[in-house]
Every structure is written in C-alpha cells, then in structure tokens.
Amino acid sequence: MKVVCLSGGVGGAKLVRGLHDVLPPGDLTVVGNVGDDVEVLGLHVSPDLDSVLYALAGLNDEERGWGRADETWRVLGAARAWGGEDWFQLGDLDVALHLVRSQALRRGDPLSAITRRLAAAVELATTVLPATDDVLRTRIVTSEGTFGFQEWFVGRRHEDDVDAVVYDGAETAAPAPGVVEALRDADAIVLAPSNPYVSLGPIFAVPGIREAIGRRGVRCIAVSPLIGGRAVKGPLDRMLTRMAGGTTPAHVASFYDGLLDALVIDAADAPAEAGVPLVVSATLMDDRAASRRLATVVLEAAT
Ligand code: GDP
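Residues numbered from 1 in each chain as written. Predicted model: local features only at pLDDT ≥ 70, side-chain atom pairs only at ≥ 80, totals over all residues. Heavy atoms only, no water.

Section: the environment of F149
Consideration 1: You can see F149 is positioned in helix α6 (residues 149–155).
Consideration 2: Judged by relative accessible area, which is 6%, F149 ranks as buried.
Consideration 3: Sequence separation of F149 and V135 is 14 residues, and the distance between their C-alpha atoms is 14 Å.
Consideration 4: In this view, F149 contacts G35, D36, T138, I140 and V198; residues no more than four positions away in its chain are not counted. (Helix = DSSP H or I, 4+ residues; strand = E, 2+ residues; numbered from the N terminus. Buried < 20%, exposed > 50% of the residue type's maximum accessible area, 1.4 Å probe, protein only. Contact = heavy atoms within 4.5 Å.)

Below you can see the structure in the form of structure tokens.
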C-alpha cells in the first residue's frame, strides 16, 4: 500500500516512524516542510527534514524531542567563544549533517537529491522528499513585527501572538521532483499531526501540491495535533485560538477544507462534530510502539 505522508518536524516525525514501521519497506514517501529552514553559522539547517531522518534512523533524542541522541555541544560553545551566533541550538553530531548538506547545496545539488543521499546513507527504505527545492520561508506576522520562523520560534521563544503566517517564495516555488508523482500514485494520503500553519501550511503553499491532493482518487486522513484542545508541545493552541477562533476538532478540520476523508482525534476531544468523519483513538505517541499503534489506526481509516 503506497502511502504519502505530509509532515513537519517533531510531531510529524512521530507518526512517520510508526507508518515506516508498519508498512512494507519502500511503501512510504514523506513530503517534508522546508519553511523552517535557516542558515546558522553559514550552514543550511533543515530542522523538519532532519527530525524525520533522525526519527526514521533511530538517531533522535526521545527525551528532548528534537535533535540527536547522545549529543554534545562543544562546537556551539567554541563558536560562541569566538563571537559566533549561538541563538540556535546546534549539537556536534547534528552539525555533521549540516556540513554535508551545505557543501552539496553550494555545489549546486538540489535539496531533494541531497536528502535522498542522506536517507540512503542511513539505509532508509522510506523516501524523504522536501516539498520544494526552491527557497520558501515561513514568516510570522505579529504586532511586534514580522519575523523569520526560527527568529520567532527559537530567538523570541514564540512568545509574540501571531496575527498571520506568510510563505515567502511560495508563489514561484515548484514541487520537488517526485512529490506530485508520489501523490498521484498513492493508495492513501496522510497528513501528520503537525502544526497546520507552520508545518503543513508551507507544503500546501507550493503550487500544485494542494491541487494534487484535491484530485486524489484515494482517501486522505489527517491526525489532529491537539489533545484535549491543547498542543502536545509548541504554540499551536494559541495560534488556533487567535487565528481560527478555537481549538476543537472543527477548528482543526477547517484548515484542511475539502481535503479530508477523515480526521483522527484523541479520545480527550470526543465527542465532537467537525464536518468530516471523525475517528477516535489515543493519539499521544510517547514511544515508538505508540507511533505504530496510531499508524495502524490511520491506515485502517485510509482503506
Ligand atoms: P515542528 O515542525 O518541529 O514544530 O513539528 P510539527 O509541526 O510536526 O509538530 C508540532 C505539533 O505536533 C504540535 O502542534 C503538537 O501538538 C503535535 N504533537 C507532538 N507530539 C504529538 C503526539 O504525540 N500526538 C499528537 N496527536 N500530536 C503531537
């Protein structure tokens, strides 16, 4: 069963690893967000693609929720001592990936080709594609000004309320090679429990991707990133309250207008009415077994 999963970073990667585990090898394609990408100390960092790669390769830090396990921070400390920027947390092991990617980008390789090579280096059967090879950057509009995503999220600790989210470069971006083809050939499409504004929004903003999902002849299932109306982690509940008017399953579903055949919600959010069929399950993925259980529920809803 060929499945395409649209995913952000931390929350998305948790479902992606479950789908990867329960599907036959090679059946999963992940389309990842690049709106969060940022240049730090001259290195190109793709936090969401990296979260997916680390989770699939079993290299991720379960407790911290991002980055690599057994990480150390000596490079960042040394860079700080030389007067280098230190606002963005880059671990020593993490830096290795950014060095390899940045070198290849400078050589002119597209991000999708580089990501394929990185996935092959850790022998992943799952295909990981950036939504686009073009430069698309999420910007956060607040009453204090408009900020790059990481500047707001990490630098300002996402404290400013968000009035709007814009995707710079989206109009002229093209889907990365393989994205539209994977959506066309899929037996099911899954929208991971990722932040709809800043993780899935930038993917939908690439012309052709939303349309390809709209044209599908197969089921499209989303998993809500809220549990009991609250984000498991991060600013989504505040963003939804301010920009969509609430945090019920209906508010989540409204974001995917016309794209969903079902929305998987947590038992803590049921019963509810959302204008789309709801599947009620336990949606907290606090370990890899929980990810597999939820992936199984999603695939059942997709067939
Ligand atoms: P980011 O790009 O690293 O912020 O990651 P995502 O957008 O993919 O994930 C952030 C969202 O994942 C947040 O809105 C969380 O509420 C949600 N999330 C994190 N862990 C879980 C989980 O175990 N279950 C569910 N349902 N949502 C989760």
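This is not the end of the story, as more comes after the structure.
As for the sheet that holds strand β2 (residues 28–32)
Consideration 1: Read across the sheet, seven strands follow the order β5-β2-β1-β9-β10-β13-β14 without closing on themselves; strand pairing throughout is parallel. Strand pairing shows two members of the sheet lacking a second neighbour, β5 (127–130) and β14 (278–281), which therefore form its edges. Strand-to-strand twist in this sheet, taken as the mean axis angle between neighbours without regard to direction, amounts to 20 degrees.
Consideration 2: Packing of helix α1 (residues 10–22) onto the sheet brings it into contact with β1 (3–7), β2, β9 (188–191) and β10 (219–223), and relative to β1 it is tilted by some 165 degrees.
Consideration 3: Sheet strands touched by helix α8 (residues 196–204): β1, β2 and β9. Its angle to β1, the strand with the most contacts, is close to 125 degrees. (Pairing = 2+ DSSP bridges. Axes fitted to C-alpha atoms, helices over the stretch in contact; angles between N-to-C directions.)

Things to note about the layout of surface pockets
Consideration 1: The computed volume of the second largest pocket comes to approximately 190 Å³.
Consideration 2: Lining the second largest pocket, in full, are L53, Y54, A57, L59, R68, L93, A96, L97, V100, L118, A121 and V122.
Consideration 3: Contributions of two or more residues to the lining of the second largest pocket are made by α2 (47–57), α4 (92–107) and α5 (111–121).
Consideration 4: Looking at side-chain class alone, the lining of the second largest pocket contains eleven nonpolar, no polar and one charged residues. (1 Å grid on protein atoms, 1.4 Å probe; cavity = no way out; pocket = protein on both sides within 12 Å on 5 of 7 lines; lining within 4 Å. Points joined across faces, edges and corners; volume = space filled by probe spheres on them. Nonpolar A, V, L, I, M, F, W, Y, C, P; charged D, E, K, R; others polar.)

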